[in-house]
Amino acid sequence: MTGAAAMAGVNTDRVVRLASELIGCDTRNPPGGEQSVVEPLQDMLGALGARVEIVEPEAGRPSVLATIGAGNGPTLMINGHIDVVPVVESEWSSPPFRPEVRNGRLYGRGACDMKGGIAAALEGVWACRDAGVDIPATLVFHLVADEETGGRFGTEALMNAGLVHADAAVVPEPSELQVCVAERGALLVEVVVRGRAAHGSEPAVGRSAVADAAKITSALHLADFGVAAHPLLGSPTCNVGTIHGGTSANIVASECRLRVDRRVLPGQTQNDALRSLRELIDGAGEFDYTIEILAFVEGSELDAGHPFVADVQRAASGATIRGLSLATDARFLRNQLRIPTVVYGPGSMSVAHAADEYVAIGELASAARTFAALFASFTGCSR
């Protein structure tokens, strides 16, 4: 009954106001401007009686840590990122950092990815307070910088500093109100293909790096890596996203560069992914090439049968279980810290990072009700 009472305490207008205030702070990353949202978050969390700490591993890259509760009982963490991706303002129908409600949707950069999710979690606490429902767990909010460019100054920095502790966690990234327990990782590389320059009138005298890069592209793009499909994530994929080579039409190209996005399943390592790329390239011919690793992000997974998954499903009125084709900060919590973590939040990844990003107001309210019910009922998870 406490969960139902907490859910009934959700105030839709308030969660829209909370989300709007966060969206109105320009926190684009790059370059990394999270500072502007710190004061509003301090005010919001302070009004909830939270103990707030600012952690700034790099100047201008703050994360907001807050604790609600006396520290008794289990700890439930909400991990959400406060940075957003850049915008091309000319592509938007309204200013991206001036939140606007239209046709039942809240528009603005970060509306779904993921300031709307953070607002829904905060509203879950307000709803419990308004309904007079005691929260049995200690709630910890880690509202972090730098997720959009890998987390080095955000969750990863907090983890390396020994500041991340919880019995379970929710990352309120947009999941269409479904409970996500698995996500793919990614290896991003640049393949540098070398040829031999010659006059463009005699292309057979040289060796075209562009022609070789085309063969490599054909070998890699949409490749089948021979790995069994994951029940929630499907098969690993490969996208050759950019190609740059040559200096002039009348010169045989001596160099060409490919940028490649190789998605990996949970458990696959950087070396696994790199080896698979080399095998495909070497199988397509003899090329002079090198591979530079730009970034690697692990896949991650929580057993769908874990009790915490069922806890979140119940709070979310039986929401279905799914996976994500991309990676979130949940990977640090699952892989390195072994914290049972699910991704659950309002909005869809299909509009995240896009112009005219939005979240449906109905989903904001639904997510807030889920958080309210979870906060009211979480007494720890045993396995």
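The structure displayed is predicted, hence computed values, not measured ones. (Residues numbered from 1 in each chain as written. Predicted model: local features only at pLDDT ≥ 70, side-chain atom pairs only at ≥ 80, totals over all residues. Heavy atoms only, no water.)

Caption draft 1: Fine view of the overall build of the chain. Assigned secondary structure in the chain consists of 10 helices and 16 strands. Relative to the 2.2 N^0.38 estimate, which gives 21 Å for 383 residues, the radius of gyration of the chain is 23 Å and therefore close to what a compact globule would have. Projected onto its principal axes, the C-alpha positions of the chain cover 80 × 45 × 40 Å. Out of the 383 residues belonging to the chain, those deemed buried represent 52%. Counting only contacts in the chain whose residues sit at least 6 apart along the sequence, the fraction spanning at least 24 positions is 79%. Summing over all exposed atoms, the chain offers an accessible surface of approximately 15700 Å²; the carbon and sulfur share of this is 49%. In the chain, 30 positive and 45 negative side-chain charges are present, and the distance between their average locations comes to 2 Å. (Helix = DSSP H or I, 4+ residues; strand = E, 2+ residues; numbered from the N terminus. Rg over C-alpha atoms; globule rule 2.2 N^0.38 Å. Buried < 20%, exposed > 50% of the residue type's maximum accessible area, 1.4 Å probe, protein only. Contact = heavy atoms within 4.5 Å. Areas by Shrake-Rupley, 256 points an atom, 1.4 Å probe, with all protein chains shown as cover. Lys, Arg positive; Asp, Glu negative; His and termini not counted. Charge placed at Lys NZ, Arg CZ, Asp CG, Glu CD.)

Caption draft 2: Spotlight on unusual backbone geometry. Here P30 and P31 are connected by a cis peptide whose omega angle stands at 10°. Here the amide bond leading from D113 into M114 is cis, since omega sits at -10°, within 30 degrees of zero. In the Ramachandran plot, E176 falls in the positive-phi region, its phi being about 60° despite a non-glycine side chain. Following the sequence through the fold, E176 ends up in the loop between β7 (168-171) and β8 (179-183). We classify E176 as partly exposed; its relative accessible area is 38%. Despite not being glycine, S317 has its phi angle at roughly 55°, a positive value. Along the chain, S317 falls in the loop between α8 (307-315) and β14 (321-324). Take S317: its relative accessible area is 63%, and that puts it in the exposed class.

Caption draft 3: Focus on the sheet that holds strand β12 (residues 288-297). Read across the open sheet, the 4 strands follow the order β10-β11-β9-β12; overall the sheet is antiparallel. Across the chains shown, the open sheet's two edge strands, defined by having one partner strand only, are β10 (238-245) and β12. Direction aside, neighbouring strands of the sheet carry axes that sit 20° apart on average. Each of β9 (185-194), β10 and β11 (255-264) touches helix α6 (residues 209-220); the most contacted strand, β11, lies at about 10° to it. (Pairing = 2+ DSSP bridges. Axes fitted to C-alpha atoms, helices over the stretch in contact; angles between N-to-C directions.)

Caption draft 4: Structural view of the side chain of N79. Position of N79 among the secondary structure elements: in strand β3 (residues 75-81). On the basis of relative accessibility, which here comes to 1%, the residue N79 falls in the buried class. A polar contact is formed between the side chain of N79 and the side chain of T155, at a distance of 3.1 Å. Every residue in contact with N79, bar those within four places of it in the chain, is listed here: M114, H142, V144, T155, V170, V171, P172, D329 and L333. (Polar contact = N/O pair within 3.5 Å; in protein donor to acceptor, adjacent residues only side chain to side chain.)

Caption draft 5: Layout of the layout of surface pockets. Approximately 690 Å³ is the volume attributed to the largest pocket. Contributing to the lining of the largest pocket are 27 residues, with E147, E148, G150, V297 and A327 lying nearest its centre. Breaking the lining of the largest pocket down by element, the ones donating at least two residues are α5 (155-160), β9, β11, β12 and α9 (330-336). The residue makeup of the lining of the largest pocket, split by class, is 12 nonpolar, 6 polar and 9 charged. By volume, the second largest pocket is sized at about 160 Å³. Of all elements in the fold, only β1 (51-55), β2 (63-68) and β6 (138-144) reach the threshold of two or more residues within the lining of the second largest pocket. The leading source of residues in the lining of the second largest pocket is β2, at 3 residues. (1 Å grid on protein atoms, 1.4 Å probe; cavity = no way out; pocket = protein on both sides within 12 Å on 5 of 7 lines; lining within 4 Å. Points joined across faces, edges and corners; volume = space filled by probe spheres on them. Nonpolar A, V, L, I, M, F, W, Y, C, P; charged D, E, K, R; others polar.)

Caption draft 6: Local environment of the nonpolar core. F141, F308 and V342 are the most contacted members of the largest nonpolar core, which totals 66 residues. Contact partners of F308, with chain neighbours within four places excluded, come to L76, A168, A169, V170, P340, V342, L374, F378 and C381. By size, the runner-up hydrophobic cluster in this structure holds 23 residues, among which are C256, V260, A273 and F287. (Core = buried A, V, L, I, M, F, W, Y, C linked by side-chain atoms within 4.5 Å.)

Caption draft 7: Representation of α6. Between the first and last C-alpha of α6 there are 16 Å, a value that for 12 residues agrees with the 16 Å anticipated at 1.5 Å per step. Each element contacted by the buried residues of α6 is listed here: β9, β10, β11 and α7 (270-283). A distance of 3.2 Å separates the backbone nitrogen of V210 from a side-chain oxygen at the start of α6, and that oxygen is part of S208. The positive-phi residue at the C-terminal boundary of α6 is L222, with phi of around 60°. (Expected span 1.5 Å × (residues − 1).)

Caption draft 8: Inspection of the packing of aromatic side chains at higher detail. Per the stated rule, a full pass over the model turns up 4 aromatic pairs. The interplanar angle of 80° and the centroid separation of 5.7 Å between the aromatic rings of F308 and F378 together place this pair among those described as edge-to-face. Placement of the pair is F308 in helix α8 and F378 in the segment after α10 (361-377), with a sequence separation of 70 residues. A relative accessible area of 0% places F308 in the buried class. (Phe/Tyr/Trp six-rings, centres within 6.5 Å; stacked < 30°, edge-to-face > 60°.)

Caption draft 9: Highlighting the sheet that holds strand β4 (residues 100-102). Here 3 strands make up an open sheet; going across it, the order is β4-β5-β16 and the pairing antiparallel. The open sheet has two edge strands, β4 and β16 (358-360), and neither has a second partner. Geometrically, the sheet is characterised by an average inter-axis angle of 25° between neighbouring strands, direction not taken into account. Where β4 and strand β5 (residues 105-107) come together, 3 bridges link them in antiparallel fashion. Opposite E100, over in β5, you have Y107 as the bridge partner. Strands β5 and β16 of the sheet are contacted by helix α4 (residues 111-131), whose axis makes an angle of about 50° with β16. Sheet strands in contact with α10 are β4, β5 and β16, and its direction is about 65° off that of β16.

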